[in-house]
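Listed below, chain by chain, are the residues.
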Amino acid sequence: MRFTISSTALLSRLQSVSRVIASKNSISILDNILFELQGGKLKVTASDSETTMETAIEVNESDADGQFTVSGKSILDVLREIPEQPISIDVNTETYELKVGYMNGQLSLVGQNPLEYPKTPQIVKDDQLVEISVPASVLLNGISRTQFATDNNEFRATMNGIYFDLTADDLTFVASNGHILVRCKTNKVHSEGKAAFILPKKPALLMKNILPKEDGDVRVMFNSRNAVFIMTDYILTCRLTEGRYPNYNAVIPKNPSNKITIDRLTLIGALKRVAICSMQSGGLIRWTLGNPEFVKMSGQDMDFSFSGEETVPCLYEGVEMEIGFNSMFLIEMLQNIDSEQILIELVDQTRAGIITPIEQDDDEDLLMLLTPMML
């Protein structure tokens, strides 16, 4: 089997799908990438047994259909060193030896039997199957807004992914690590009924890398076990996280009466400066509220030998109070908001603070929660 293809086109697709390959795999063949040539199209697949990504590329010419699999690292190393040009790949279908021919040279690689490569899980169309269409920009925005807030606790697997909560009116993306919670709702996506799934962190990150190149809609199909995301050039199939996601709406404080309107970038700058003094104290920054025109923020280390404070202009409506927030969490949350001005709403010093952007699209509702620290 022999075919020719653009070196840079192949490299670009391989770089995307190879991100699926785990650093340590349960079976050695998962270190490989599967190539399937049929009807002038080269299908490329990479998997870690739980997440699989596929793409297809037109070849310039071919003399036969067939399959082979070869080390992902090896083929990528070869293609990175070949400038843009048509290359030929000649595969011995009995020994699976590959010869990569290019201008003035040829390299040989040893592949493996493609029949040993695991099959991509297929979603069965049954009563549990849900299918929706999501604009690529909406999906990218939802993942980007929430992904940073996912947990890394192996004992709370449901918190390690992004929760997709579908209703007839909207789609809500949710992520939380127990200290912060992000809820991003859009009314651009609808479902025939209520449905939900938890997307693990790895496929979420893979989607985050691919979606900026997408212009149209992404077709999403899922059941209780697996999900498939069908894009223009890629198909991602993944196993979903099992379990029930916590009731995120129950932890959002009701009717907060203390409100801070503040410039987001000014707040980030002040937090970074004061946080230098509080890193040994777990990033705790004390907020002193009461003046309607500014908030005083202060931090100090555990030995009380290094301290700092700063007043930040704001509009404050509420009672006098002191509340502590983790500066690292708060900075990360603010960096994932686009609005110039933000609103921070508080019930009291023991309840989570609600952070929302002042300016946001009519079809989006972004809300973040940050649990206070004990002073």
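What counts and what doesn't
Residues numbered from 1 in each chain as written. Predicted model: local features only at pLDDT ≥ 70, side-chain atom pairs only at ≥ 80, totals over all residues. Heavy atoms only, no water. Buried < 20%, exposed > 50% of the residue type's maximum accessible area, 1.4 Å probe, protein only. Helix = DSSP H or I, 4+ residues; strand = E, 2+ residues; numbered from the N terminus. Arc of directions from axis to C-beta. Polar contact = N/O pair within 3.5 Å; in protein donor to acceptor, adjacent residues only side chain to side chain. Lys, Arg positive; Asp, Glu negative; His and termini not counted. Salt bridge = Lys/Arg side-chain N within 4 Å of Asp/Glu carboxyl O. Contact = heavy atoms within 4.5 Å. UniProt positions renumbered as here; feature names shortened; annotations may be inferred. Pairing = 2+ DSSP bridges. Core = buried A, V, L, I, M, F, W, Y, C linked by side-chain atoms within 4.5 Å. Axes fitted to C-alpha atoms, helices over the stretch in contact; angles between N-to-C directions. Parallel < 35°, antiparallel > 145°, perpendicular 65-115°, else oblique. Left-handed = near helix turned anticlockwise from the far one by under 90°. Nonpolar A, V, L, I, M, F, W, Y, C, P; charged D, E, K, R; others polar.

Student: If you had to explain helix α6 (residues 327-335) to someone new, which residues and values would you point to?
Tutor: Within α6, the full set of buried residues consists of S327, L330, I331, M333 and L334. For α6, the arc enclosing every buried residue in end-on projection is 165 degrees, short of the 170-degree limit, so these residues lie on one face. For α6, the side-chain oxygen to backbone nitrogen distance between the N-cap and M328 is 2.9 Å, and the N-cap itself is N326.

Student: Pulling in residues and values, what's your account of the side chain of E214?
Tutor: Here E214 is to be found in the loop between α4 (201-210) and β15 (217-222). Despite its burial, E214 pairs with no opposite charge; the closest candidate is R13, at 8.4 Å N-O. Among the polar contacts made by the side chain of E214, one reaches the side chain of T232 at a distance of 2.9 Å. With residues up to four places along the chain from it excluded, the contact list for E214 reads A136, M231, T232 and D233.

Student: How would you summarise the UniProt feature "domain: DNA polymerase III beta sliding clamp central" (unreviewed entry) in the protein chain if you had to cite specific residues and measurements?
Tutor: Taking the UniProt record as the reference, the feature "domain: DNA polymerase III beta sliding clamp central" (unreviewed entry) is found at residues 134-247. Measuring from the first to the last C-alpha atom of residues 134-247 gives 24 Å, for a span that is 18% helix and 37% strand.

Student: Which residues make up the side chain of T120, and what values go with them?
Tutor: With respect to the secondary-structure elements, T120 resides in the loop between β9 (105-110) and β10 (130-135). For T120, the side chain forms a polar contact with the side chain of E54, separated by 3.1 Å. Not counting residues up to four positions away in its chain, the partners in contact with T120 are T45, T52, E54 and T237.

Student: Got a sec to walk through the pairing of strand β20 (residues 294-300)? Specific residues and values, please.
Tutor: Here strand β19 (residues 284-289) runs beside β20; their pairing, made up of three bridges, is antiparallel. Note on β20: the bridge partner recorded for T288 is K296. Here β19 folds back onto β20, and the loop between the two strands holds four residues. Sheet analysis places β20 next to strand β21 (residues 307-313), joined by seven bridges and oriented antiparallel.

Student: Give a detailed account of the nonpolar core, specifying residues and quantitative values.
Tutor: Ranked by size, the top nonpolar core spans 98 residues in total, and within it L10, L14, L139, F229 and W287 carry the most contacts. Of the residues forming this core, the biggest block, six residues, is contributed by helix α5 (residues 264-275). When residues no more than four places from it in sequence are discounted, the contact partners of L14 are I33, F35, V44, I75, L76 and L79. Membership of the second largest hydrophobic core comes to twelve residues, among which are V174, L181, I252 and L369.

Student: Help me get a handle on the packing of α5 against α6, residues and values and all.
Tutor: The interhelical angle for the contact between α5 and α6, taken along N-to-C directions, is 155 degrees, at an axis separation of 10 Å. Classed by the angle they form, the pair α5 and α6 counts as roughly antiparallel. Where α5 crosses over α6, the two elements pack in a sense that is left-handed. Together, R264, L267, I268, L271, K272 and A275 of α5 and S327, L330, I331, L334 and Q335 of α6 make up the contact between the two elements. In terms of residue class, the contact of α5 with α6 is built from seven nonpolar, two polar and two charged.

Student: Describe the environment of M373, and please don't skip the residues or the numbers.
Tutor: As for its position among the elements, M373 is in the segment after β26 (364-370). Residue classification places M373 among the partly exposed positions, given a relative accessible area of 25%. In this structure the C-alpha to C-alpha distance between M373 and L284, which are 89 residues apart in sequence, comes to 7.0 Å.

Student: Report on the packing of helix α1 (residues 7-17) against helix α2 (residues 72-80), specifying residues and quantitative values.
Tutor: The axes of two packed helices give the description: the angle between them and the distance between them. It is at 10 Å that the axes of α1 and α2 come closest, and there the two elements cross at 140 degrees. Between α1 and α2, the angle is such that the two are oblique. The two elements α1 and α2 cross, and the hand of that crossing is left-handed. Across the interface between the two elements, S7, L10, L11, L14 and Q15 of α1 pack against I75, L76, L79 and R80 of α2. A per-class count over the contact of α1 with α2 returns six nonpolar, two polar and one charged.

Student: A description of the pairing of strand β18 (residues 258-263) should follow, citing residues and the corresponding values.
Tutor: Of the two faces of β18, only the one carrying N258, I260 and I262 is buried; K259, T261 and D263 on the other face are not. As judged from the six bridges shared by β18 and strand β24 (residues 341-346), these two strands associate in the antiparallel manner. Note on β24: the bridge partner recorded for K259 is E345. One ladder, built from three bridges, connects β18 with strand β22 (residues 315-317); its direction is antiparallel. Directly across from K259, in β22, lies its bridge partner E317.

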